[in-house]
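This is what each chain is made of:
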Amino acid sequence: MPASYAYLGPEGTFTEVALRTLPEAATRELIPYVSVQSALDAVRVGEAEAAFVPIENSVEGGITTTLDELVAGTPLMIYREVLLSITFALLVRPGTKLSDIKTVTAHPAAQPQVRNWLKTHLPDAVWESAASNADGARLVQEGRYDAAFAGEFAAARYGLEALETGIHDAENAQTRFVLVGRPARPAARTGADKTSIVLWQRDDHPGGLRDLLGEFATRGINLMLLQSRPTGAGIGNYCFCIDAEGHISDRRMAEALMGLKRICLQVRFLGSYPRADMQPGEVRPLFPGTSDEEFMGAADWVARCQDGRF
Ligand SMILES: O=C(O)C(=O)Cc1ccccc1
């Protein structure tokens, strides 16, 4: 049996389309799962080599189910990311007219991306969430709902037709997907990388978040995502999911992570992996002395002092 990748299914999700853009997907068996949780559990129990799931979109921010799964439970790591531009089609059973539509469905992350369109074109339609956009299409095929927002490519697979295409409230909406596996050596450094971590504060005090962010700022590291998630321990208790520019093998990043490890209750390393946009991280010299050469030079100097060779 070839190694398999689990993904948020069923067939015809945006997740599947994004996964198929990865060259390594061509050599794997791709197995659809009904939820992000079940796809990640397949990895945790060794049923799949990795899982491919949505994690963030440019309209609504983090996909909380995915973040919460990565924050808690048996640790997992991110090895790749993919960005996909998202535009929806309104899929219906053949012959359905706009005026026939009383119920619509899609993944919860789709709703903020089509809210204005719905208000204008189907103000009285009742929205119900589906496990994924393709699952919504499947439910329309079964007659459970009148219409689903999904990729146009899902129409043929579920015997539906696209009544409308190109639906998106925000131009250039993108969703970010990640390939998640069991913990192992991080993806190799490319020079255009991203590091994902989760931080738990040691205690609650004024400026606590600033202290955490300071570990990045003083080392000239730019952040790409900061999302707080409830720890479940009561109102006001949060952990922080952070994406930062750079790779753990960069000295600046390694030092920032060491600083965080010292001051945090807990740090969960979620991986260093190539940025889908391939933009090399720009080191912003907010403070003098944060160039790569200065980090290397300072480390060399300490090593020479330790050896008495200064
Ligand atoms: O992959 C899908 O089709 C999903 O259901 C997740 C999703 C939701 C909204 C936009 C892109 C992907």
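Keep in mind it's a predicted model, so treat the numbers as computed, not measured.

Further remarks concern the sheet that holds strand β14 (residues 238-245). The strand order across the open sheet formed by four strands is β13-β14-β12-β15, and the pairing between neighbours is antiparallel. The strands lining the two open edges of the sheet, one partner per strand, are β13 (223-230) and β15 (264-274). The sheet shows a mean angle of 15 degrees between the axes of neighbouring strands, direction not considered. The pairing of β13 with β14 spans seven bridges and is classified as antiparallel. Its bridge partner being in β14, Arg-229 is matched across the sheet by Cys-239. In the packing of helix α8 (residues 251-263) onto the sheet, contacts are made with β12 (193-201), β14 and β15, and the angle to β15 comes to roughly 155 degrees.

This part covers the UniProt feature "domain: ACT" (unreviewed entry) in the chain. The sites that carry the UniProt feature "domain: ACT" (unreviewed entry) are, in the present numbering, residues 197-274. End C-alpha to end C-alpha, residues 197-274 measures 15 Å, and it is 29% helix and 41% strand.

Across the five residues of strand β1 (residues 4-8), five count as buried, placing the element largely inside the fold. Burial along β1 is two-sided: Ser-4, Ala-6 and Leu-8 and Tyr-5 and Tyr-7, pointing in opposite directions, are all buried. Pairing analysis gives five bridges linking β1 to strand β2 (residues 29-33), with the strands arranged parallel. Residue Ala-6 lies in a different strand from β2, and its bridge partner there is Ile-31. As a crossover connection, the stretch from β1 through helix α1 (residues 14-19) into β2 is right-handed.

Right, let's get into the site of the ligand. Taken together, Leu-8, Thr-13, Phe-14, Thr-15, Pro-54, Ile-86, His-107, Ala-109, Gln-113, Ser-132, Asn-133 and Thr-175 make up the full set of residues near the ligand. One of the side-chain nitrogen or oxygen atoms of Thr-15 is found 2.5 Å away from an oxygen atom of the ligand. Grouping the constituent residues of the shell around the ligand by class yields five nonpolar, seven polar and no charged.

Scanning the entire structure with this criterion turns up zero disulfides. For Cys-264, which is in no disulfide, the shortest distance to another cysteine sulfur is to Cys-239 and amounts to 11 Å. Overall, the relative accessible area of 4% leaves Cys-264 in the buried class.

What counts, and where the lines are drawn
- Residues numbered from 1 in each chain as written.
- Predicted model: local features only at pLDDT ≥ 70, side-chain atom pairs only at ≥ 80, totals over all residues.
- Heavy atoms only, no water.
- Pairing = 2+ DSSP bridges.
- Helix = DSSP H or I, 4+ residues; strand = E, 2+ residues; numbered from the N terminus.
- Axes fitted to C-alpha atoms, helices over the stretch in contact; angles between N-to-C directions.
- Contact = heavy atoms within 4.5 Å.
- UniProt positions renumbered as here; feature names shortened; annotations may be inferred.
- Buried < 20%, exposed > 50% of the residue type's maximum accessible area, 1.4 Å probe, protein only.
- Right-handed = clockwise from strand over helix to strand, strands pointing away.
- Near = heavy atom within 4 Å.
- Polar contact = N/O pair within 3.5 Å; in protein donor to acceptor, adjacent residues only side chain to side chain.
- Nonpolar A, V, L, I, M, F, W, Y, C, P; charged D, E, K, R; others polar.
- Disulfide = S-S within 2.5 Å.

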